[in-house]
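# Residue-level structure breakdown
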Amino acid sequence: MSKSSGKSSQKTPQAIRGTQDIFGADAESFAFVVETFERVRKLYRFRRVEMPVFEKTEVFARSIGETTDIVSKEMYSFEDRGGESLTLRPEFTAGIARAFLTNGWQQHAPVKLATHGPLFRYERPQKGRYRQFHQIDAEIVGAAEPQADVELLAMADQLLKELGIEGVTLHLNTLGDGDSREAWRAALVEHFRSVKDELSEDSQERLEKNPLRILDSKDRRDQKFVADAPKIDQFLSDDARAFFDAVTGGLDAAGVKWTRAESLVRGLDYYRHTAFEFIPDEGSDAAGKLGSQSTILGGGRYDGLMESLGGAATPAVGWAAGIERLAMLVGEKSETRADVIVVVENDAVLSKGIEAARKLRDGGMAVELVASGSPKKRFDKARKENPKALLSFDQRDAFQSNLRGDADVEASIRSILNDPAFDL
RNA sequence: GCGAUCGUAGCUCAGUUGGUCAGAGCGCCGGUUUGUGGUACCGGAGGUCGCGGGUUCAAACCCCGUCGAUCGCCCCA
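Read on for an overview of the structure. Keep in mind it's a predicted model, so treat the numbers as computed, not measured. (Residues numbered from 1 in each chain as written. Chains lettered and ligands numbered in written order. Predicted model: local features only at pLDDT ≥ 70, side-chain atom pairs only at ≥ 80, totals over all residues. Heavy atoms only, no water.)

### A short note on helix H1 (residues 25-43)
Cut-off, in case you're wondering: The helix count covers DSSP runs of H or I at least four residues long, the strand count covers runs of E at least two residues long, and both are numbered beginning at the N terminus. Here a helix's expected span is defined as the number of its residues, less one, multiplied by 1.5 Å. Relative accessible area decides the class of each residue, using a 1.4 Å probe on protein chains only: under 20% of the type maximum gives buried, over 50% gives exposed, and in between gives partly exposed. Two residues qualify as a contact provided that any one of their heavy atoms is within 4.5 Å of a heavy atom in the partner residue.
Spanning 19 residues, H1 covers 27 Å between terminal C-alpha atoms, matching the ideal 27 Å at 1.5 Å per step. The set of residues buried in H1 consists of Ser29, Phe30, Val33, Val34, Thr36, Phe37, Glu38, Val40 and Arg41. Where H1 is buried, its residues contact strand E1 (47-48), strand E5 (111-120), strand E6 (132-141), helix H5 (146-162), strand E11 (316-322) and helix H12 (323-329). The first or second residue beyond H1 is Arg45, which carries a positive phi of 60°.

As structure tokens, then:
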């Protein structure tokens with residue numbers, strides 16, 4: 001904005017609530033998370049998949065569960081010009097299931113898939129929570145065996161380690177198979193209904209909508225009833241029991257530390273068997289950085305999902321993690337230093353600066369060219385950036401150059417600009 | 001949808017019981033030191049103190065509304 005033009009009378013539009021413009025150190029942390037995920041995912045041979053950001057609304061409505069908050073009030077839905085209801089994806093799993101069915105990926109099953117990108121949920125923004133947020137996601141589709149759960153969790157565990165995130169523990173539970181889950185749910189409803197009047201207002205409502213979530217309640221009034229609520233273990237079929245034992249046994253073999261969380265349930269209707277969340281330990285550094293958003297990676301098995309979309313029964317297991325939350329835990333990632341800053345101290349030698357910068361970049365060096373502003377201040381400006389080497393060009397009586405910096409970088413520069421014209 | 005806190009230059013913030021309170025640092029622009037130098041000095045641009053009402057002789061400061069941000073509840077990554 002120049003002095004003569006002054007301020008425009010136009011009002012600058014504001015960013016949409018709950019969206020973010022990520023820049024600088026935060027953007028570096030974000031990129032570090034994604035790059036680490038990409039690296040680890042390849043170690044486990046998960047295949048990259050790109051998904052559309054929006055789908056027909058029914059993809060999410062039918063798979064996630066009509067009564068969940070996500071579907072009933074948190075979706076970004078709109079009609080396209082043909083009058084069809086479309087929705088910006090609130091999660092990855094439903095879209096992946098749809099893609100699996102419509103593209104005939106059964107032929108690849110079991111298939112390990114990984115993706116990442118933006119998701120959208122119409123919620124109140126707060127710490128670590130946005131309306132447009134970003135996740136990394138991993139799924140194994142078409143694998144019924146507990147070994148798939150183990151592999152998936154081992155990858156998650158290794159990812160967190162490679163991100164350098166400490167003080168986080170895998171909380172693990174089983175919801176049993178469909179019948180187990182329903183029996184348990186019925187018993188829970190009965191248990192809590194008998195003390196309904198003593199429950200918190202929120203939990204009285206949960207009793208009708210989503211009784212399993214009463215187990216998660218933070219309200220003191222609910223906790224004593226949660227303690228002696230029926231446990232899923234009482235309702236597990238032999239198969240479900242064996243499945244869970246196989247998962248925990250595999251985790252031990254893989255060296256993944258875990259803890260049983262009997263009251264851990266996930267909000268979405270499609271989960272069966274394994275449910276898990278990586279949660280910061282109480283009082284840990286990580287817990288402090290995340291505020292009230294405690295789960296950094298969560299998922300489970302969703303054997304019933306494909307059928308809800310009209311496909312054949314297909315077992316699958318997956319997880320997702322919020323990139324923003326992970327980025328808060330990986331610490332400051334500073335932007336990389338320049339290898340060289342080329343300073344043009346006199347505009348008469350500008351072309352020489354441009355030429356040198358290009359040649360150095362061709363040679364694989366990260367180069368910044370400083371050639372604007374007060375000529376006398378360019379050098380100091382470059383020094384402040386703390387490059388590995390500093391190359392300055394000037395023209396007084398004659399062209400002259402000056403190079404100083406780390407010995408090895410200096411040597412590379414001299415060999416790349418090995419031309420008398422640069423006077424090195 | 002509900003609650004709490006906050007909203008002063010591009011950025012981070014000062015502004016005492018309402019009366020030179022429109023400021024500092026950083027950043028930006030220009031200049032000095034006639035120089036091979038990350039330091040210093042001088043000067044400049046830039047703000048209707050989120051917006052709109054109200055109280056008052058007088059409001060950035062008090063009251064109401066509104067918008068926005070932040071944090072929390074619900075829910076969830």
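Let's pick the thread back up.
### Side note on the packing of aromatic side chains
Our working rule: Pairs were defined over the aromatic rings of Phe, Tyr and Trp, the Trp ring being its six-membered one, requiring ring centres within 6.5 Å. Orientation was assigned from the angle between planes: stacked under 30 degrees, edge-to-face over 60, tilted for the rest. In our convention, an over-ring charge means Lys NZ or Arg CZ found within 6 Å of a ring centre and within 35 degrees of that ring's normal.
Applying the stated criterion to the full structure yields five aromatic pairs. Grouping aromatic residues by their ring pairs yields a cluster made of Phe393, Phe399 and Phe422. In this arrangement the basic side chain of Lys333 is found over the ring face of Phe32, its NZ or CZ atom lying 4.1 Å from the centre. Its end group placed over the ring of Phe399, Lys352 keeps NZ or CZ at 4.4 Å from the ring centre.

### Describing the environment of Leu152
Within the element layout of this structure, Leu152 appears in helix H5. Looking at Leu152, the relative accessible area reads 0%, which means it is buried. Put simply, Leu152 and His134 are 18 residues apart on the chain and 20 Å apart in space, counted from C-alpha to C-alpha. Contacts of Leu152, omitting those with residues within four sequence positions, involve Phe46, Ala138, Glu139, Ile140, Phe276, Val317, Gly318 and Trp319.

### Looking at the pairing of strand E7 (residues 168-174)
To keep things clear, this is the line we draw: Pairs of strands are assigned from DSSP output, requiring at least two bridges between the strands.
In terms of strand pairing, E7 meets strand E9 (residues 272-280) through seven bridges, oriented antiparallel. By the bridge assignment, His171 is partnered in E9 with Glu277. In this structure, E7 lies alongside strand E8 (residues 258-260), joined through three bridges in parallel fashion. Residue pairing in the sheet places Leu170 in a bridge with Trp258 of E8.

### Examining the sheet that holds strand E4 (residues 85-88)
The cut-off we apply is this: Simply put, an axis is a line fit to the C-alpha atoms, just over the touching stretch for a helix, and the angle between two N-to-C directions goes from 0 to 180 degrees.
With antiparallel pairing, the three strands of this open sheet are ordered in space as E2-E4-E3. A single partner strand is all that each edge strand has here, and the edge strands are strand E2 (54-56) and strand E3 (76-79). Sheet twist, expressed as the average angle between the axes of neighbouring strands with direction ignored, equals 30°. Pairing analysis gives four bridges linking E3 to E4, with the strands arranged antiparallel.

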